[in-house]
Every structure is written in structure tokens, then in C-alpha cells.
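What follows is the residue order along each chain.
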Amino acid sequence: MRILVTGGAGFIGSNFIRYMLSTYPEVQVVNLDLLTYAGNLENLADVQADSRYRFLRGDIASERDVDRAFSLGPYDAVVNFAAESHVDRSLHLGVDRFIHTNIAGTQILLDALRRRGGGRLLQVSTDEVYGSLGERGRFSEDMPLAPNNPYAATKAAADLLVRAAVHSHGLDAVITRCSNNFGPYQFPEKLIPLMIANALEDRPLPVYGDGRHVRDWIYVEDHCRALDLVLRRGRRGAVYNIGAGNEIPNIELVRRILRLVGKPESLIRFVKDRPGHDRRYAMDAGRLRRELQWTPSYQFDDALRLTIDWYGTHREWLDHVRSGEYRRYFEKVYGGR
Ligand code: NAD
Ligand code: TYD
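Summary of the structure given here. (Residues numbered from 1 in each chain as written. Chains lettered and ligands numbered in written order. Predicted model: local features only at pLDDT ≥ 70, side-chain atom pairs only at ≥ 80, totals over all residues. Heavy atoms only, no water.)

1. Focus on the overall build of the protein chain
Here is step 1 of the chain: Scanning the protein chain from terminus to terminus reveals twelve helices and twelve strands.
Here is step 2 of the chain: Taken along its principal axes, the extent of the C-alpha atoms in the protein chain is 55 × 50 × 40 Å.
Here is step 3 of the chain: Split into buried and exposed, the 337 residues of the protein chain put 57% on the buried side.
Here is step 4 of the chain: Counting contacts in the protein chain only where the partners sit at least 6 residues apart, residues at least 24 apart contribute 82% of the total.
Here is step 5 of the chain: When the accessible surface of the protein chain is summed, it comes to about 14,200 Å², and 48% of that surface belongs to carbon and sulfur atoms.
Here is step 6 of the chain: Across the protein chain, 46 positive and 43 negative side-chain charges occur, with their mean positions spaced 1 Å apart. (Helix = DSSP H or I, 4+ residues; strand = E, 2+ residues; numbered from the N terminus. Buried < 20%, exposed > 50% of the residue type's maximum accessible area, 1.4 Å probe, protein only. Contact = heavy atoms within 4.5 Å. Areas by Shrake-Rupley, 256 points an atom, 1.4 Å probe, with all protein chains shown as cover. Lys, Arg positive; Asp, Glu negative; His and termini not counted. Charge placed at Lys NZ, Arg CZ, Asp CG, Glu CD.)

2. Let's talk about the packing of helix 1 (residues 11-23) against helix 7 (residues 220-233)
Here is step 1 of the chain: It is the contact of helix 1 with helix 7, at a shortest axis distance of 9 Å, that shows an interaxial angle of 65 degrees. Crossing handedness for the pair helix 1 and helix 7: right-handed. Contacts from Phe11, Ile12, Asn15, Phe16, Tyr19 and Met20 in helix 1 reach Val220, His223, Cys224, Arg225, Leu227 and Asp228 in helix 7.
Here is step 2 of the chain: Among the residues making up the contact of helix 1 with helix 7, the classes are represented as eight nonpolar, two polar and two charged. (Axes fitted to C-alpha atoms, helices over the stretch in contact; angles between N-to-C directions. Left-handed = near helix turned anticlockwise from the far one by under 90°. Nonpolar A, V, L, I, M, F, W, Y, C, P; charged D, E, K, R; others polar.)

3. Concerning helix 2 (residues 63-70)
Here is step 1 of the chain: Regarding helix 2, the residues found buried are Asp65, Val66, Ala69 and Phe70. Buried residues along helix 2 cover an arc of 140 degrees about the axis, so they all sit on one side. Exposed residues lying more than 90 degrees from the buried face of helix 2 are Glu63 and Arg64.
Here is step 2 of the chain: Where helix 2 is buried, its residues meet strand 1 (2-6), strand 2 (28-33), strand 3 (53-57), strand 4 (77-80) and helix 4 (96-116). (Arc of directions from axis to C-beta.)

4. So, the site of ligand 1
Here is step 1 of the chain: The environment of ligand 1 is made up of 28 residues, and the closest members are Asp33, Asp59, Ser85, Tyr151 and Lys155.
Here is step 2 of the chain: Within the backbone of phenylalanine 81, an N or O atom sits 3.1 Å from an oxygen atom of ligand 1.
Here is step 3 of the chain: Summarising the interface, the protein chains cover 97% of the accessible area of ligand 1, which totals 840 Å² for the free molecule.
Here is step 4 of the chain: When residues in the shell around ligand 1 are grouped by element, the largest group, three residues, is from strand 5 (residues 120-126).
Here is step 5 of the chain: Considering only residue class, the shell around ligand 1 consists of 13 nonpolar, twelve polar and three charged. (Near = heavy atom within 4 Å. Polar contact = N/O pair within 3.5 Å; in protein donor to acceptor, adjacent residues only side chain to side chain.)

5. So, the site of ligand 2
Here is step 1 of the chain: Contacts to ligand 2 come from 18 residues, most closely from Glu128, Pro206, Arg215, Arg274 and His277.
Here is step 2 of the chain: One of the backbone N or O atoms of leucine 191 is found 2.9 Å from an oxygen atom in ligand 2.
Here is step 3 of the chain: Within the complex, 96% of the 510 Å² of free accessible area of ligand 2 lies under protein.
Here is step 4 of the chain: Only helix 6 (191-200) and strand 8 (205-208) provide two or more residues apiece to the shell around ligand 2.
Here is step 5 of the chain: By residue class, the composition of the shell around ligand 2 is eight nonpolar, five polar and five charged.

6. Topic: the pairing of strand 4
Here is step 1 of the chain: Neither face of strand 4 is open: one carries Ala77 and Val79, the other Val78 and Asn80, and all of them are buried.
Here is step 2 of the chain: The sheet contact formed by strand 4 and strand 5 spans four bridges and is parallel. If you follow valine 78 over to strand 5, its bridge partner there is leucine 121. (Pairing = 2+ DSSP bridges.)

7. As for the side chain of aspartate 216
Here is step 1 of the chain: Counting through the fold element by element, aspartate 216 comes out in strand 9 (residues 214-219).
Here is step 2 of the chain: For aspartate 216, which is buried and forms no salt bridge, the nearest opposite charge comes from arginine 138, at a distance of 7.0 Å.
Here is step 3 of the chain: At a separation of 3.4 Å, a polar atom in the side chain of aspartate 216 contacts the main-chain amide nitrogen of glycine 245.
Here is step 4 of the chain: Once residues lying within four places of it in the same chain are set aside, the contact partners of aspartate 216 are Ser179, Asn180, Ala244, Gly245, Asn246, Glu247, Tyr281, Ala282 and Met283. (Salt bridge = Lys/Arg side-chain N within 4 Å of Asp/Glu carboxyl O.)

8. Remarks on the nonpolar core
Here is step 1 of the chain: With 40 residues, the main nonpolar core has Phe16, Tyr53, Val79, Phe81, Leu122, Ile242 and Leu288 as its most contacted residues.
Here is step 2 of the chain: Counting 33 residues, the second-largest nonpolar core is a separate cluster that includes Phe70, Leu113, Val162 and Val166. (Core = buried A, V, L, I, M, F, W, Y, C linked by side-chain atoms within 4.5 Å.)

What follows is the structure, given as C-alpha cells:
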């Protein structure tokens with residue numbers, strides 16, 4: 001199997017590439033990534049020399065770059081992780097890059113798949129496209145899309161473009177919508193790695209609003225296994241929710257992290273809330289469990305401990321990411337090519 005992965009130098013994409021290379025001896029992966037602030041080739045340093053893996057720097061919203069990637073095919077599948085992925089950036093730093101990558105980039109991939117063929121597209125989407133829940137209920141795949149922040153709106157737009165390409169042009173595509181991920185190599189702007197990093201360094205832990213917002217957490221490796229199943233066995237045109245049933249209010253999660261790191265709750269700081277902050281996410285992943293027999297392999301507390309240990313033993317990675325030092329890695333490894 002030959003796969004084009006886009007956005008593979010980010011958090012989930014790099015975990016997915018590692019998962020596929022270690023699970024399937026025959027797989028070949030081309031990774032097309034623009035290396036934005038969130039893309040870090042250090043995440044893939046251990047597979048860099050694997051002859052089954054190849055990195056290509058490029059923008060999914062550039063026809064030329066996407067053509068270059070397709071000329072390294074043919075592919076059996078394209079897995080699209082490439083995105084601007086942080087809600088707070090979409091709220092405070094402008095929406096242009098979100099529209100560029102998440103919407104225009106997805107359409108350019110769809111056009112290339114139509115023109116050149118490329119097997120199945122797996123569009124990696126998010127539970128945020130459904131909006132927010134009250135105290136009860138869970139998101140199911142047939143709920144209307146009701147995104148509440150610019151990031152979520154651009155991901156919902158991409159889902160609709162994929163849906164339209166399936167219906168209008170008979171493209172083979174599947175969409176997954178996953179809940180909040182955590183695990184190794186997550187950029188420390190997201191809740192769990194930020195809190196771990198700050199706790200390790202005795203810095204304040206900023207909790208938005210009253211901290212009673214609920215997220216449904218999944219360990220990244222469980223997400224990767226679900227993606228692999230959907231890629232191989234999912235129904236053409238179908239949407240699959242992915243979630244492990246770990247609903248936790250933010251403040252409770254932050255307290256657990258402090259306990260595990262061995263730091264006092266006095267580090268917690270309640271700060272001004274995120275505008276339009278979604279109150280609760282919870283996934284109904286029944287379709288994935290029934291049709292593809294997926295179940296999560298990790299218990300939440302074990303996975304949280306593993307993640308804390310990983311950040312504790314990868315201080316250099318953390319320093320590089322925060323100082324921008326990781327950009328030099330690209331120059332060192334790819335600069336002369
Ligand atoms: P990330 O921000 O860690 O990584 C994004 C990657 O995309 C980076 O390597 C970046 O360099 C690359 N990229 C950005 N713009 C690009 C462009 N124009 N062309 C090529 N590459 C580009 O994100 P992540 O957390 O790994 O998320 C990956 C995907 O999964 C995203 O589509 C996101 O919406 C989705 N998702 C994430 C979560 C989560 O909890 N992190 C949950 C559900 C779904
Ligand atoms: P985040 O990791 O940004 O993911 P998302 O917004 O996609 O769910 O945030 C997870 C939750 O944590 C969300 O309710 C916002 C909250 N949060 C904080 O309270 N403080 C922080 O510093 C961050 C980054 C997030």
C-alpha cells in the first residue's frame with residue numbers, strides 16, 4: 001500500500017505515520033507538509049532514514065505542490081491531516097490561514113484526486129463541526145453541522161466539500177470526526193501538553209472561564225488505529241465519529257495532571273474565558289464500534305500517565321518547539337537538497 005499523508009509532520013499525522021510504518025512492513029508513505037509553526041520534522045526523526053518513508057515540503061493549497069506529490073504516486077490512499085488546528089489562533093490571529101489550508105487546500109486535494117486518481121481520500125475531521133452540547137446527549141454522525149468558532153467552521157466547510165465530491169463526481173472518500181486527542185508530540189499550545197509543560201516548570205496553569213467545560217479525550221494511538229480501520233474498511237462516502245468515552249471537565253483534568261506531576265493546585269489560574277467557548281463535547285462512536293469493531297486500547301488514566309512521562313523525558317523536544325529551534329532541524333536535514 002502506498003499512501004500520501006498530508007500534514008504528517010504535525011501531532012496526529014506523525015503518530016499515524018509511525019503507526020503505519022510499524023504495523024505494515026509493505027506500506028510506503030509520502031508525507032506532504034508545509035512545515036508551519038506546528039509542523040516539526042523532529043517528530044519523525046526516528047523514521048527519517050526508513051526507505052519506505054519520504055518527506056516533501058509543500059502546501060496542500062498549491063496545485064503545483066500537490067501535483068509534485070501526486071507525481072510520486074500512484075497512491076492507494078490519501079490521508080489529509082493538513083490543517084490549521086488551533087481554535088484560539090482562529091479567534092485571535094485571523095482566519096485567512098484557516099480558509100487557505102482547511103478549505104482551499106482540501107478542495108485542491110479533491111481536484112487532484114479527480115484528475116489523477118489516487119485511491120481513497122480519508123478526510124481527518126473533528127467533533128467541533130457539530131458545535132456544542134448541553135448537559136446531556138452525544139454527537140452522532142447524522143446531526144446537523146453547527147460550528148461555533150472559525151476553526152470549526154473551516155473544518156465543517158471541508159467536510160461538505162468532500163461530501164459534494166463524493167455525490168457529484170463519485171469520488172471514493174470517507175470522513176472521520178474525532179474528539180480531543182492527547183499524547184506524544186502534541187504542540188504545547190493545546191490544553192494537555194500546555195498544562196503538563198507548565199506544571200513541570202512550576203509555571204501558572206491558565207484555565208479558561210469557570211473550568212467546567214467538558215471535552216471527550218482520546219489517546220492519539222487509539223485515534224490512529226481507528227483511522228487505519230476506516231481507511232481500509234470504512235464505507236465509501238460514510239462519516240465515522242471517533243471517541244473513547246472519556247468526558248472530563250477541564251478543571252478536573254488539570255487537577256489530575258497536577259497530582260500526577262506532583263505539583264500544588266495553587267498553580268491554577270482562572271483566566272478570561274475563550275469567546276463563544278463550546279461548553280461540552282461528547283462522541284457517540286457506535287457506528288465505528290459496530291461496523292469496524294473498533295474499541296480503544298488505552299484507559300484514560302494510563303494514557304495520561306504515559307503522556308506526562310513522555311513530556312518529562314522529552315524536555316529537549318519541548319524546548320526546541322517553544323524556542324523555534326526545531327526549524328533548524330529542517331535546514332540541517334533538508335537544507336542542502
Ligand atoms: P497540528 O497542528 O499538530 O498539525 C498540522 C500539520 O499540518 C502541521 O504539520 C502543519 O505543518 C501542516 N500544515 C498546515 N498547513 C498546511 C498546508 N497548507 N499544507 C501542508 N501542510 C500543512 O494538528 P493535529 O492536532 O495533528 O491535527 C491534525 C488533523 O486532525 C487536523 O486536520 C485537525 O483538524 C484534526 N483533528 C485534530 C484533533 C486534535 O485533538 N488535535 C481532533 C480531531 C481532529
Ligand atoms: P484545546 O486543547 O485548545 O482544544 P479544543 O478547543 O479544540 O477543544 O482546549 C481544550 C479545552 O481546554 C477547551 O475547553 C479550552 C480549554 N483550555 C483552557 O482552559 N486553557 C488553555 O490554556 C487552553 C489552551 C485550553
